[in-house]
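Chain by chain, the residues run as shown.
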Amino acid sequence: MLHDLALTSPLLILLFAALFTLVVDPFLPSTTEARSFWGRFGAGTSAMAILACAMLWKHGGNEMHTVAFGYHLSASPMSLFFTALVAMSAMLTHLSSPKYLVEQGSSYGEYYALLHFATFGMAVMVSSESLLSLFIGLEIMSMSIYVLVAFKRTSAASVEAGMKYFIMGSVASAFLLYGMAFLFGMSGGTSFIEIQRALAMPKPGQGGWLHLAVLMTMAAFLFKVAAVPFHMWTPDAYEGAPTPITGFMSSGVKVAAFGAFLKILYAALAGVGMSELHLPMATMLATFGVVTMTVGNLLALTQKSVKRMLAYSAIAHAGYLLLGCVASVPDGTLGAPYAVPTGAVPFYLVGYAVASLAAFAALSTVGSGGEELTGEAQLVGMGRRYPFAGAVLGLAMISLAGVPPTLGFFGKLQLLRDVLAVENGKYLPHVIILVLNSLVSAYYYLRVTVFVYMRPEGRTEREYVREPSLTWAMGIAMAALLIIGMLPYRAMTMAQTAGAGVRTAVASRHVAHELPAKAEPAAAAQK
Amino acid sequence: MTAIPLGHILTLAALLFSLGLVGVLTRRNVLIMLMSVEVMLNAVNLTLVGFSRYNAWTEGHVLAFFIIAVAAAEAAVGLALVLSVFRLKQTTYIDDLRLLKR
Amino acid sequence: MTAFSFSPSALLPIIVLLPLLGGILNGLFGKRFSRQTVYAIGSTTVLASFLLSVMVFQGLRGAMVTDPNAAFRFEAYHWIVAGNYSFDFAFLADQLSAVMLRVVTGVGFLVHLSTTSYMDDDPGIARYFAYLNLFVFSMLMLVLGKNLAMLFIGWEGVGACSYLLIGFWFKDMDKAEAGQKAFVVNRIGDIGFVVAIFLLLAYAGGSVDFDSLRAHFSDSARAIDHAPTITLICLLLFVGACGKSAQIPLYVWLPDAMAGPTPVSALIHAATMVTAGVYMIARMNFLFALSPHAMTVVMMVGALTAIFAASIGLVQNDIKKVLAYSTVSQLGFMVIAVGAGAFAAGIFHLFTHAFFKACLFLGAGAVIHGLHHEQDIRKMGGLKKKMPLVNATFLISCIAIAGLPPLAGFFSKDAILAETVALKPDAEKLAAYYEGGFKRQAFAEAGAAGGEAADMAKVAAAEQGIKKHYIESVEHLGIWRKVAFALGLCAALMTAFYMFRLYFLTFTGEYRGDHHTWDHAHDAPWPMGSALAILAALSVVGGWVGMPFAHGHYNFFYHWLEPVLARGKELVEGELAPSVEYGLMGLSVLVASIGVFIAWQLYGRGVSEVPARIATTFRPVYNALLNKYYVDEFYHAVVITPLRAVSRALFQVVDRVLVDLAMVRGPGYALVGLSHLGRLAQTGEVQAYLIGTVVGVAALAWYLI
């Protein structure tokens, strides 16, 4: 029991922070300044969660029994990497929120509690080793995010965005559950390891169920990561949400969704590729990836609102990442029982999360007193009036565009390389499309910097929100972009370890014993 | 007690799921859409319970309970959202929410 | 001499980081600093870098006593190591880098110094200095990078800084657009460069480190022995160089780049950044020398650029435009040199050009500043009286660039022209290098012709045939050297003419502007004056380090660069008889003198009717030159404004509709159109979105079932 608690300490820190915020908030004086305290508190607790992850990472290693609470949660390298990443997203969001909320007139303690709950849900999601914990985590996250999106109660846009996201999201949840129900029906268990075992040796007549299960689960995850054509909620939800929450959605939610997706693909559905049911999961993911990135970039091209543009760019990045999901080692066959993802997706997510958090933090400095100004034209003069925020925004855009030598560039580089390595360049056409796409995307990213720096100012002098914790958020994001951009090697290695740790050491050993050798799939089918 | 074949349970659940989906797709009233989502979730519960009962498993029942709890939470959040929309716009029709587009 | 053990390697990161530090300080806190503080930070960081560079240079000299191939290397850390690929974050200071280092930091410092008087009334001074320091930082990354990846970072960095500085006065839309033009044109070149880097990564063992590349391409057993592949890589690298070093057809951005502040033009668009392409080719000499065909293309592009730009420079009336076209033309000379295999001569010209062209630009800056931002030379004249110092330095630089002995430009330009005809690729050695490739090709041919049992005699015969064919094709390239020489000579004549036309119109004769300006005209203030004086002095003596063979057969500059360029020199050989060399030297002097004489005849003796008469007589030619052969308009029409001037000839219509609409503008329109179309789908209705989801599920189902 103690062991379980120790392994899940990052999650517990987040959970207790949420509960503490919820319980103590009513006793604080009802001033907006008192509420702002929770921002710093949240950043601190998130940092503690990151620290806990780091300690577990350091003392973990393969020999440690990393599974907690009876195969429901784990502290595998992948869980820890992604937990740390969502906690980092939460930390920056906590820091950049208080002033924004005060300006928008909705500074309440519940916001921070919900943010913690959402982070906790994400952490559960990416640490899950069973369908049950995955689902619970997903719902805790989604439910909190729905409310957070609609948190500006007086803003029609915010409430509308929340409503739309909620309806779409709950349908997606239903899809996921339906898929899970069939996975359960085939295996009789909810843990990934049981499912994996059952899928490798399906009983006669279960082929249809498997198809249905994979179909529904995929649909739900493609929805969560905003792949085309499941993407349509994204721009509306991103635009209506409070700006820090938009940042959180494009970083934390995306990280959690891809973390869980990798687990589903490589832990639960592993073995599918070996059975006689050849599900073309890899080609399917790659196709969705290519379509998603193309549509995302295309639609981003003509957006005038930077917030909405970033929503479409989030779709485009989801496309890159989907393509990255097919990159696996050792021989690049997604679905083989020993295959693990490469470090491409985890590493790319680091760069993407930090850059989009930086961008949204910088965006939330524009405009004060309740109005939100995120049109391109409203950024004019930012480079002069608030050079720091301008620089952060510019750097974030450059990184998102993937210009060397930023973090975004290395993310893309590794992703390209790993995808190309799969089956001797099977995905070369996809990679070429990706490169063309990133050329197109450079246009609209750099346009933002043009507005920030190069356009002459009008007569009106815009006010910018300046506040220490917001500055900290931008500073941390900027430092991360620069430092990891200059020294990407360490982070790449960690991402690789994370990818290789998709299944816990114990779980892989289980499978290794029980799966039939690759040479005799026919014998397996006869059983 | 005659056992109901698993196939029948799954078929019923599938029908319910489709019904719910069609409901969400076609109804314009947010409240009815919420109900339709509940129908979809209950179809899932039915599937789970059906599997569990047929195979004498227990985890399916547990999962179903979790889903019921989550559905309740979802309903609470959904109704709260409906309420805040109604406060601002005096409507519960999804067609009236078209501020954000393009 | 030194009591403590000390390796200059450790200085390299400091040299690079000092300007970065200055840039960061001025960029972030510049607004709170006083003007003097900004000047001080900006200039002293670069000065310190310069002094350290001198230490590195001297250290290298010392080290070469014991090891002729000495070079300093500093490896900061492994940047990316992934599978077979590796990039190190590392610096390399060999003989070539050391020369560039001194040029960049030295001229950089002088420009920083003179900026303090040129920009004395500009409110954005901190931003300006921050950009300028960042530029020096990027340029140092470029010249000190130990591998192509580092070089590319610097390459992009200088491009970005140049973009920011050209558009420095961004409130002026034209200037902002000039910046964007430079940016876009350079991107086109960069695509070639990046593809070349990737090809090298793929073919040359996963490393783009210069040392290992050189080792790779010196050993035919390890490297690619397929001649067309090497030619392709060289040409792609050259596309990158074309963009940065403003060669045909990508030179168009450089004249427009004159929109930036004049000291920027002096540093970036004359002395340093634009020479990056030449530097890169010289750096990759071991690769280029392997492909005489690519080298010939390089040489001819250089020659055409030299004469093309020089002819435009003949009639320009904007003082900075003349200098801009002159820069393009001189860059053409350098490219001729590296294309002809005279790598050392190319770097030598780069070296001398940096001094006199920076001096000319700063002088022009002083004139423009003194005349309240007047740039039209038709409204100048007689400035000798008002600006004696500027006049003297400008005259010295003009003589230097015209190529009159014993000033710097003479030696370098003469060396280029002489070596262009003197050298020729060693076809036998090249054939020996490509032997493996020929063998494979011979096997393939013989195999295709005579069944699977390859007849060894037949293969040997085929191999001989291929080899002979190759050697012949290399030897046939020799004719182009003569063409390049002739074009270069013409360009040299024009250079002498237009530079002195510029000088006479600006500094001699009667003043032709309004008197208010004349009364306020003043000589350069001391910071600029001292920079001018130093640069003028260097323009005089700078060439003496590279006295040609004829003067005693010892050429310090060539000898110095030898370790870096050895492989290139090995493959491209040749020497002129001293008599021929003296003859060519005489020819150079003669041509330059003729140019100067014509200029004096037409412009030096007061206002003359002759130029106007010539202009009327040859009106079409004159107009074509005045309008820079309409190249900008051509690009504008073909690339930017469709169907604006449809007419004249049918082929033009075809050209516009086919090339312009279908290939250039089309994709852009199509993308934007699709984007608008796609946005229509985003109706704001949740149920429409849900339909999307259902469509997605259907697509998934189609895939899975």
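Residues numbered from 1 in each chain as written. Chains lettered and ligands numbered in written order. Predicted model: local features only at pLDDT ≥ 70, side-chain atom pairs only at ≥ 80, totals over all residues. Heavy atoms only, no water.

Quick look at the overall build of chain C
Counting its secondary structure elements, chain C contains 31 helices and four strands. Expressed as a percentage of the 705 residues in chain C, the buried residues total 59%. Relative to all contacts within chain C whose residues are 6 or more apart in sequence, the contacts with residues 24 or more apart total 80%. Surface exposure of chain C reaches about 26800 Å², of which carbon and sulfur atoms provide 68%. (Helix = DSSP H or I, 4+ residues; strand = E, 2+ residues; numbered from the N terminus. Buried < 20%, exposed > 50% of the residue type's maximum accessible area, 1.4 Å probe, protein only. Contact = heavy atoms within 4.5 Å. Areas by Shrake-Rupley, 256 points an atom, 1.4 Å probe, with all protein chains shown as cover.)

Brief notes about the interface of chain C and chain B
Counting residues at the interface gives 12 residues for chain C and 13 residues for chain B. For the pairing of chain C and chain B, the buried interface totals around 1000 Å² over both sides, and the portion due to carbon and sulfur atoms is 55%. For the pair chain C and chain B, the number of links is zero salt bridges. The tally of links between chain C and chain B comes to three residue pairs in polar contact (both at pLDDT 80 or more). The element contributing the most residues to the side of chain C that touches chain B is helix α31 (residues 686-704) of chain C, with six residues. (Buried area = accessible area lost by both parts, 1.4 Å probe. Salt bridge = Lys/Arg side-chain N within 4 Å of Asp/Glu carboxyl O. Polar contact = N/O pair within 3.5 Å; in protein donor to acceptor, adjacent residues only side chain to side chain.)

Topic: the interface of chain A and chain B
It is common to give the size of an interface as the accessible area lost on bringing the parts into contact. The interface is formed by 45 residues belonging to chain A together with 43 residues belonging to chain B. The three residues of chain A that bury the most area against chain B are Met163(A), Tyr178(A) and Phe184(A), which together make up 17% of that side's buried surface. Across the salt bridge formed by Lys89(B) and Glu160(A), the nearest N and O atoms sit 3.9 Å from each other. Inspection of the region where chain A meets chain B yields one residue pair in polar contact (both at pLDDT 80 or more).

Let's talk about the confidence of the model for chain A
All names here are of chain A. On average, residues of chain A score 85 in pLDDT, and 89% of them reach the 70 mark or higher. Per-element mean pLDDT across chain A ranges from 40 in helix α22 (residues 521-526) up to 95 in helix α6 (residues 131-149). A low-confidence stretch, residues 508-527 (pLDDT under 50), is modelled with 22 contacts involving residues beyond four sequence positions or located in other chains. (pLDDT = per-residue confidence, 0-100.)

What to know about the packing of helix α8 (residues 227-244) of chain C against helix α13 (residues 292-313) of chain C
All names here are of chain C. Interhelical geometry of α8 versus α13 gives an angle of 20° and a closest axis separation of 8 Å. Classified by the interaxial angle, the pair formed by α8 and α13 is roughly parallel. α8 and α13 meet at a crossing whose hand is right-handed. Where α8 approaches α13, its residues Thr231, Cys234, Leu235, Phe238 and Cys242 are matched on the opposing element by His293, Ala294, Val297, Val298 and Val301. (Axes fitted to C-alpha atoms, helices over the stretch in contact; angles between N-to-C directions. Parallel < 35°, antiparallel > 145°, perpendicular 65-115°, else oblique. Left-handed = near helix turned anticlockwise from the far one by under 90°.)

Some details on the nonpolar core
The biggest cluster of nonpolar side chains holds 240 residues, and the ones touching the most others in it are Phe217(C), Met284(C) and Leu287(C). Residue contributions to this core peak at 19 residues, all from helix α15 (residues 343-370) of chain C. Counting residues in each nonpolar core, the second largest holds 218 residues, with Val86(A), Met163(A), Met309(A) and Val70(B) among its members. (Core = buried A, V, L, I, M, F, W, Y, C linked by side-chain atoms within 4.5 Å.)

Some remarks on a nonpolar patch on the surface
All names here are of chain A. Together, Leu420, Leu428, Ile432, Val435, Leu436 and Leu439 make up a nonpolar patch on the protein surface, roughly 510 Å² of accessible area in all. When residues of the nonpolar patch are assigned to their parent elements, the largest contribution, five residues, is made by helix α18 (residues 428-454). By secondary structure assignment, the location of leucine 439 is in helix α18. Using a relative accessible area of 53% as the deciding quantity, one classes leucine 439 as exposed. (Patch = residues over 30% accessible without salt bridge, like charges linked within 9 Å, V, L, I, M, F, W, Y side chains within 5 Å.)

Description of unusual backbone geometry
Note the cis peptide between Val228(A) and Pro229(A), where omega equals 5°. Within the fold, Pro229(A) resides in the loop between α9 (207-224) and α10 (233-240). In this structure, Ala56(B) is a non-glycine residue whose phi angle is positive, near 55°. Tracing the chain through its elements places Ala56(B) in the loop between α2 (30-55) and α3 (59-89).

As for the packing of helix α4 (residues 77-104) of chain A against helix α11 (residues 243-268) of chain A
Residue and element names in this part refer to chain A. As a packed pair, α4 and α11 sit with axes 8 Å apart at the nearest point and diverge in direction by 170°. The pairing of α4 with α11 is recorded here as roughly antiparallel in orientation. Here Met78, Ser79, Phe82, Leu85, Val86, Ser89, Ala90, Thr93, Ser96, Ser97 and Tyr100 of α4 come into contact with α11, specifically with Thr243, Pro244, Phe248, Ser251, Gly252, Val255, Ala256, Gly259, Leu262 and Lys263. Residue composition of the contact of α4 with α11, by class: 11 nonpolar, nine polar and one charged. (Nonpolar A, V, L, I, M, F, W, Y, C, P; charged D, E, K, R; others polar.)

Topic: the pattern of salt bridges
Tallied over the full model, the rule gives 22 salt bridges over all chains. A salt bridge links Lys263(A) to Glu129(A); its shortest N-O distance comes to 3.1 Å. Of this pair, Lys263(A) sits in helix α11 while Glu129(A) sits in the loop between α5 (109-127) and α6, placing them 134 residues apart in sequence. The exposure classification of Lys263(A) matches that of Glu129(A), with both residues buried. A cluster of three or more residues bridged by salt bridges with shared partners is formed by Glu160(A), Lys164(A), Asp236(A), Glu239(A), Arg308(A) and Lys89(B).

Some details on the environment of Asp88(C)
Residues and elements named next belong to chain C. By the secondary structure assignment, aspartate 88 is in strand β2 (residues 85-93). Aspartate 88 sits in the buried class, given a relative accessible area of 15%. A sequence separation of 13 residues divides aspartate 88 from glutamate 75, and the C-alpha atoms of the two residues are 7.0 Å apart.

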